[in-house]
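Structure assessment
Here is what each chain is made of, one letter per residue.
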Amino acid sequence: MYIKFNFQFFQLRNGITVHLGILLFMIIAVHVSIAAPFFKNVNEIAGIEFNHQSGKSKEKYMIETMGSGIVLIDYNNDGLLDIYLVNSGDTSIGRNEVGNVLYRNNGDGTFTDATDEAGLGDLGYGMGGTSADYDNDGDTDLYLANFGADSFYLNNGDGSFTEISQEVGIDNPDWAVAGAFLDYDLDGDLDLFIVNYLQYSVANRQPDSEKSMIGYQHPRAFQGTKDKLYQNNGDGTFTDVSLVSGIINAEEGRGMAVVSFDYDNDRWPDIYVANDTNRNFLYRNNGDGTFTDNSLLAGVGYDETGIAEGSMGVDCGDYNQDGWLDLIVANSETATLYRNDQHGFFVEATVEAGLSEPTFRFVGFSPIFFDYDHDTYLDIFSVNGHPQDIIEQLMDSETYAQVDQLFRNLGSGSFVEVSTFAGEYFDKPYVGRSVVGGDYDNDGDIDLLISNSNQPAFLLRNEVGNQQNWLLIRLEGKYSNRDGIGSRVTVEIQNEGQKITQTAEVKSGSNYASNSDIRLHFGLGKVKTVDRIHIHWSRGSKQNIYNASVNQLLVIQEVLGQEQ
């Protein structure tokens, strides 16, 4: 293997300046010494046989190239993550003739197809989904974003679901891609934000022609469309408050992804929308039922050169451990890392973090923050794949199928790509679209599930994370929403005399059109005791837990009254 180093100098957290070539050599040496790859494809072992079907046709309908999302959901409350894979279908009729698939986790590393018994074989032309306990009855419900009418499934509590979109007032005939549950008005029940993409119909297809070849049309060939916000009425129904809340940006909207998080630490949940070839939106919650788009003021609408990027997916996390949640956005240009500079502002840190050059050659679709090696720092995984299937005939430097990438957080504000050591899956290119993270085997580390367009999905088991210590936290709200969505947890530990504080927020909906494990995961290194766990619930109550043991799933129920 031939490796060419671009020799530079690099400063570590302790202030010591190290030659970058030596640093990379040290990192490579450490990883090579690990016998197992970081991740292992366990499809055959687990019984995952899902193959996404796009309905690819000679007409090149634009919806064919979008792929679809994934929802991790414990639908039967057995403490095991189940898998819901969204499928697309036949573009000529805009329907899904195969259906989505629900895999029930058997608890032994395998899954069983439970789609029919659960009643979740939705036949809409699927894009994505998200899940949460919207009615606070103790089980998880499901929203599905479709090309055409969306679906909303009520969990009956007996392993089955009932489709109730009309009954609850979810009426979104637009091209939906993603959704997120949040309690934007802090009344204790979950509202729903829906991301819509374009004003598009298969009836008015007018194909492009380049070099006598027909490709998928550019999104700018169509008008954007407005997103939607549904307020939970508390009686099992929703009201469309999109207009009165101020979240409508129809002219500029070409929404692909959404994440709700409190970016300015004022305790009100805000909303970030990733748009394709338009500026992204950052809706600041005003605390009175309305939002203000602060994307320009906060510095997250465009890249650092003032260009609107082709944004596909987004995630949030505190990668530099300063207590403020940052953003990673996957784009058709490069990945964009927005470091939260506190007090309502962000700084683009893509170049300084070392992410610009390695992501430039790829079209990122779905990013995720997670600590794969339990060193306490959030790493980044990116699913890649071009939207244009004839791109290789048009350009020498780009491909339709692309390899995915894993970036290790060095703890100094920068990342290094370690895909070479991540496992055999990373050696082969796929038309990647979505990824979710969660601990499906409850062994303490975060596993990955990836959905590829018109190709198989892959379950990648983490092989190295639980070699160090960890903590998994699930919140149960009493006064706040039952899932604890919007609640924030900080974990404090002492590592070799140094205090380390990790911050995470419970969220529903992120990445691209998907929903990861809502349980909060913390890598702890070699530390054997957690000094303090601080929970700031979404509706304001606070709790502290001291001297917690490591390597456990900790279920924390909300306690009302003064700080506990």
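Residues numbered from 1 in each chain as written. Predicted model: local features only at pLDDT ≥ 70, side-chain atom pairs only at ≥ 80, totals over all residues. Heavy atoms only, no water.

What to know about the nonpolar core
How we decide: We call a set of buried Ala, Val, Leu, Ile, Met, Phe, Trp, Tyr and Cys residues a nonpolar core when their side-chain atoms join them within 4.5 Å. To sort residues, take the accessible area from a 1.4 Å probe on protein chains only and compare it with the maximum for the residue type: under 20% means buried, over 50% means exposed, and anything in between is partly exposed. Whether two residues are in contact is decided by their heavy atoms, any of which lying within 4.5 Å being enough.
Counting residues in each nonpolar core, the largest one holds 37 residues, and the members touching the most others are Phe152, Ile473 and Ile533. When residues no more than four places from it in sequence are discounted, the contact partners of Ile533 are Leu471, Ile473, Val489, Thr490, Val491, Gln543, Asn544, Ile545, Ala548, Leu554 and Ile556.

Examining the pattern of salt bridges
Inclusion rule: Note on definitions: salt bridges are taken to be side-chain nitrogens of Lys or Arg within 4 Å of carboxyl oxygens of Asp or Glu. Helix and strand assignments come from DSSP, with helices taken as H or I runs of at least 4 residues and strands as E runs of at least 2, each series counted from the N terminus.
This model, assessed by the stated rule, comprises 19 salt bridges. Here Lys228 ties to Asp240 by a salt bridge, and the two come within 4.0 Å at their closest N and O atoms. One end of the pair, Lys228, is in strand β14 (residues 228-232); the other, Asp240, is in strand β15 (residues 238-240), with twelve residues separating them in the sequence. According to the relative accessible area criterion, Lys228 is buried, its value standing at 9%. For Asp240, a relative accessible area of 40% translates into the label partly exposed. Among the ionic pairs, Asp293 bridges to Arg279, the shortest N-O distance being 2.8 Å. Note that Asp293 is positioned in strand β19 (residues 291-293) and Arg279 in the loop between β17 (270-275) and β18 (281-285), a separation of 14 residues in sequence. On the accessibility criterion, Asp293 (24% relative accessible area) is partly exposed. In the salt-bridge network here, residues are joined through shared partners; they are Lys56, Lys60 and Asp389.

With respect to unusual backbone geometry
A positive phi angle, close to 75 degrees, is found at Gln342, a residue other than glycine. Tracing the chain through its elements places Gln342 in strand β22 (residues 336-342). In this structure Gln342 comes out as partly exposed when scored by relative accessible area, which is 27%. With phi around 55 degrees, Asn547 is a residue other than glycine that occupies positive phi space. Relative to the elements of secondary structure, Asn547 occurs in strand β36 (residues 542-549).

Concerning the sheet that holds strand β5 (residues 82-85)
We count it as follows: Paired strands, as defined in this entry, are two strands with at least two bridges between them according to DSSP. In this description, a line fitted to the C-alpha atoms serves as the axis of each element, helices being fitted only across the stretch in contact, and the angle between N-to-C directions of two axes falls anywhere from 0 to 180 degrees.
The strand order across the open sheet formed by four strands is β4-β5-β6-β7, and the pairing between neighbours is antiparallel. Each of the sheet's edge strands pairs with one partner strand only, and the pair in question is β4 (70-73) and β7 (111-113). Taken over all neighbouring pairs, the strand axes of this sheet differ in orientation by 20 degrees on average, direction set aside. Where β5 meets strand β6 (residues 101-105), three bridges bridge the pair, whose relative direction is antiparallel. Counted as the bridge partner of Tyr84 is Leu102 from β6.

What to know about empty space enclosed by the protein
Here is the rule: Computed over the protein atoms alone on a 1 Å grid, cavities are sets of points where a 1.4 Å probe fits but cannot get out and pockets are open sets with protein on both sides within 12 Å along at least five of seven lines; a residue lines them when it has an atom within 4 Å of a point. Grid points are joined across faces, edges and corners, and a volume is the space filled by probe spheres set on the points. Residues were grouped as follows: Ala, Val, Leu, Ile, Met, Phe, Trp, Tyr, Cys and Pro as nonpolar; Asp, Glu, Lys and Arg as charged; and all remaining residues, including Gly, as polar. For the domain bounds, the source is a domain assignment made automatically or taken from a database.
Following the criterion strictly, the structure yields six cavities of 30 Å³ or more and no others. If you add up the space inside the largest cavity, you get close to 530 Å³. Around the largest cavity, the lining is made up of 36 residues, and of these Phe369, Ala504, Lys507, Leu520 and His521 lie nearest the centre. Counting only elements with at least two residues in the lining of the largest cavity, the list comes to β20 (311-317), β24 (364-370), β28 (432-438), β33 (498-505) and β34 (520-525). The class makeup of the residues in the lining of the largest cavity is 15 nonpolar, 14 polar and seven charged. Each of domain 1 (39-469) and domain 2 (470-557) contributes no fewer than three residues to the lining of the largest cavity.

With respect to the environment of Ala36
One can find Ala36 in the loop between α1 (20-32) and β3 (39-41). Its relative accessible area of 28% is what places Ala36 among the partly exposed residues. When sequence neighbours within four positions are dropped, the list of residues in contact with Ala36 reads Glu463 and Val464.

Looking at the packing of aromatic side chains
Our working rule: Aromatic rings from Phe, Tyr and Trp, with only the six-membered ring used for Trp, were paired whenever their centres fell within 6.5 Å, and each pair was classed as stacked if the ring planes differed by under 30 degrees, edge-to-face if by over 60, and tilted otherwise.
The tally for this structure, following the rule as stated, stands at 28 aromatic pairs. Here the aromatic rings of Tyr184 and Phe291 are separated by 5.8 Å at their centres, their planes lie at 40 degrees, and the arrangement is tilted. Here the residue Tyr184 occupies a position in the loop between β12 (176-182) and β13 (191-196), and Phe291 occupies one in strand β19, the gap between them amounting to 107 residues. The two residues Tyr184 and Phe291 agree in class, both being buried.

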